[in-house]
Every structure is written in structure tokens, then in C-alpha cells.
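Next come the chains, spelled out residue by residue.
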Amino acid sequence: MAHARVNVCITGGVRQAQEGAIASAGARAVVEAMREHPAHAAIQREGCARLLDLTPSVEGAEYQRIRRENGGAWAEMDRKYRELASAGVIDVVCQAISTQPAEVAATGCRVLTFLARSDANLGLIARVGGIEALVTAMQGHATDPGLQQQACRSLYNLAADDENKNLIARVGGIEAL
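### Brief notes about the nonpolar core
A general tendency of soluble globular proteins is for nonpolar side chains to be buried together.
Inference 1: Of all hydrophobic cores here, the largest spans 48 residues; its most connected members are Leu-51, Val-89, Ile-97, Leu-112 and Leu-134.
Inference 2: The greatest single-element share of this core, amounting to eight residues, is contributed by helix α6 (residues 102–115).
Inference 3: In this view, Val-89 contacts Ala-27, Val-31, Leu-51, Leu-84, Val-111 and Leu-115; residues no more than four positions away in its chain are not counted.

Here's what the structure looks like:
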């Protein structure tokens, strides 16, 4: 299967993309670029934004309706959430949440919020340190309301799993709220 490849060259602080920019790349190409450049804020910012664009993000009453009906629309969303997880999205987003400025971390939290809707991803997010990353970001950016809101939404979805509830409490998630 051919995937768009994002080659990122850092020259004099300028990012040049060849064979397509992060903005048009698929999840695997974005994950690869984020893994290759974990300390480059612009790549992490654009990567998280692109991953959010690729993530089904229906919210509010529409999301509740889709879940209640539990039909084809939900099955397709859940498939996409699991597909993104298998592409490595959870790993790179957790890394960005832990290491990047609040704006980038908040976008990463939003991605996790959606991916945590899939029961299949709940344990995976916990195993790769997602809960710890969320709590650390909340503690490190305590005065940023956008990050706080997104991290709380992520923790809420992750708490659907009893083991995750216990982990949230153990790593200081209740105090961070």
C-alpha cells in the first residue's frame, strides 16, 4: 500500500516539505514526521492539527444520536478511531501532549478525546502513558483554560474503563481537576 511520504528538512530553522505538506498527508505520514522530529514545535503543531482533521469529530447531540442508534455511522467512526490508533497516532499525540506548548497539547488532547470513544482504544491509551500525559499537561498548564477543558474531556472518556478510573486517581488526575 502506497502512503504519502513526508520528508521534512530542517535548514536554518525553515521546514521544507517534499512530496506533499503535512496538511495533506495521511495519518501514517504525519506520525512518521512527528516521530522523526519530536522537539520541532512547528511539526508537532501541524501534525496534531492534521491528525485532528483526520479524526471523526462529531460532537454534542449529533454524536449522542449516532451512539444511541449504534448503526453503520457509529461502526464507521469506531473503525476510523481504531485505524488511527493502529497507525501510531496515540503514541505521537501523547508525546506531544507531554512536551509541547499548551496550544499544541490542547489539540493533542482533543485527538485523544475522540480516539477514547472507541472501547478498543481505552486500554491502549492508558498503556502508552496517555493518562499520565494528560495529567502532566494539566499540571504544567494549569492556567490555560483551553488545555484544561480538552484534557478533562479526554479523561472523562477514558474513565469509561474501570482500570482507567483507578489509574486516573493514582496519577493525580482527581487533584488536577
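### Some points on the pattern of salt bridges
Charged atoms that come close allow side chains of opposite charge to pair.
Inference 1: Under the criterion given, the structure shown has 10 salt bridges.
Inference 2: Residue Arg-110 pairs with Glu-59 through a salt bridge whose shortest N-O separation is 2.5 Å. Here Glu-59 lies in the loop between α2 (41–54) and α3 (60–69) and Arg-110 lies in helix α6, a separation of 51 residues in the sequence.
Inference 3: Judged by relative accessible area, Arg-110 falls into the partly exposed class, the value being 25%.
Inference 4: Glu-59 sits in the partly exposed class, given a relative accessible area of 30%.
Inference 5: Residue Arg-79 is joined to Glu-83 by a salt bridge in which the shortest nitrogen-to-oxygen separation is 2.6 Å. Here Arg-79 and its partner Glu-83 are both found in helix α4 (residues 72–86), four residues apart, which amounts to about one turn of the helix.
Inference 6: Overall, the relative accessible area of 36% leaves Glu-83 in the partly exposed class.

### Let's talk about the packing of helix α1 (residues 27–36) against α2
Inference 1: Taken N-terminus to C-terminus, the directions of α1 and α2 make an angle of 160 degrees; their axes are 10 Å apart at the nearest point. Viewed along their axes, α1 and α2 adopt a mutual orientation that is roughly antiparallel. Judged by the twist between their axes, the crossing of α1 over α2 is left-handed. Every residue of α2 that contacts α1 at Ala-27, Val-30, Ala-33 and Met-34 is listed here: Ile-43, Gln-44, Gly-47, Cys-48, Arg-50, Leu-51 and Leu-54.

### Thoughts on the packing of aromatic side chains
Inference 1: Applying the stated criterion across every chain yields a total of two aromatic pairs.
Inference 2: Between Tyr-63 and Trp-74, the aromatic rings sit 6.3 Å apart at their centres with planes inclined by 70 degrees, giving edge-to-face as the arrangement. Residue Tyr-63 is found in helix α3, and its partner Trp-74 is found in helix α4; the two are separated by 11 residues along the sequence.
Inference 3: Overall, Tyr-63 belongs to the buried group, its relative accessible area being 11%.
Inference 4: Given a relative accessible area of 9%, Trp-74 falls into the buried group.
Inference 5: Linked through ring pairs, Tyr-63, Trp-74 and Tyr-81 together constitute an aromatic cluster.
Inference 6: Stacked on the ring of Trp-74, the Lys or Arg Arg-67 has its end atom at 3.9 Å from the ring centre.
Inference 7: The aromatic ring of Tyr-63 is capped on one face by Arg-117, whose charged end is 3.5 Å from the ring centroid.

### A short note on the environment of Ile-90
Inference 1: With respect to the helices, strands and loops of the structure, Ile-90 is situated in helix α5 (residues 89–99).
Inference 2: Accessibility expressed as a relative area gives 1% for Ile-90, which makes it buried.
Inference 3: The contact partners of Ile-90, leaving out residues within four places of it in the chain, are Ala-85, Leu-112, Leu-115, Asn-121, Leu-124, Ile-125 and Val-128.

### Here's the deal with the environment of Thr-107
Inference 1: Checked against the element boundaries, Thr-107 lands in helix α6.
Inference 2: Here the alpha-carbon distance between Thr-107 and Arg-45, two residues 62 residues apart in the chain, equals 8.1 Å.
Inference 3: Excluding its chain neighbours within four sequence positions, the residues that come into contact with Thr-107 are Cys-48, Ala-49 and Leu-52.

Parameters at a glance
Residue numbers restart at each chain and count upward from 1, following the sequence in its written direction. It should be noted that, the model being predicted, local features are given only for residues of pLDDT at least 70 and side-chain atom pairs only at 80 or more, the latter also being counted only at that level, while totals for whole chains, interfaces and linings use all residues. Calculation of side-chain values draws on the structure's entire complement of heavy atoms; hydrogens and water are dropped beforehand. Among the buried residues, those of types Ala, Val, Leu, Ile, Met, Phe, Trp, Tyr and Cys that are joined through side-chain atoms within 4.5 Å form a nonpolar core. For every residue, the accessible area obtained with a 1.4 Å probe (protein chains only) is divided by the maximum for its type, and the residue is called buried under 20%, exposed over 50%, and partly exposed between those limits. What counts as a helix is a DSSP run of H or I of at least four residues, what counts as a strand is a run of E of at least two, and both are numbered from the N terminus. In what follows, residue pairs with any heavy atoms lying within 4.5 Å of each other are defined as contacts. Throughout this description, the term salt bridge denotes a Lys or Arg side-chain nitrogen within 4 Å of a carboxyl oxygen of Asp or Glu. Angles shown run from 0 to 180 degrees and are taken between the N-to-C directions of axes, each axis being a line fitted to C-alpha atoms and, for helices, limited to the stretch in contact. We call two directions roughly parallel when the angle between them is under 35 degrees, roughly antiparallel when it is over 145, roughly perpendicular when it lies between 65 and 115, and oblique otherwise. Handedness of a crossing follows from how the near helix is turned relative to the far one, being left-handed for an anticlockwise turn of less than a right angle and right-handed for a clockwise one. Each Phe, Tyr or Trp ring, with Trp reduced to its six-membered ring, pairs with another whose centre is within 6.5 Å; inter-plane angles below 30 degrees give stacked pairs, above 60 give edge-to-face pairs, and intermediate values give tilted ones. Placement of a positive charge over a ring is assigned whenever Lys NZ or Arg CZ falls within 6 Å of the ring centre and within 35 degrees of the normal to the ring plane.

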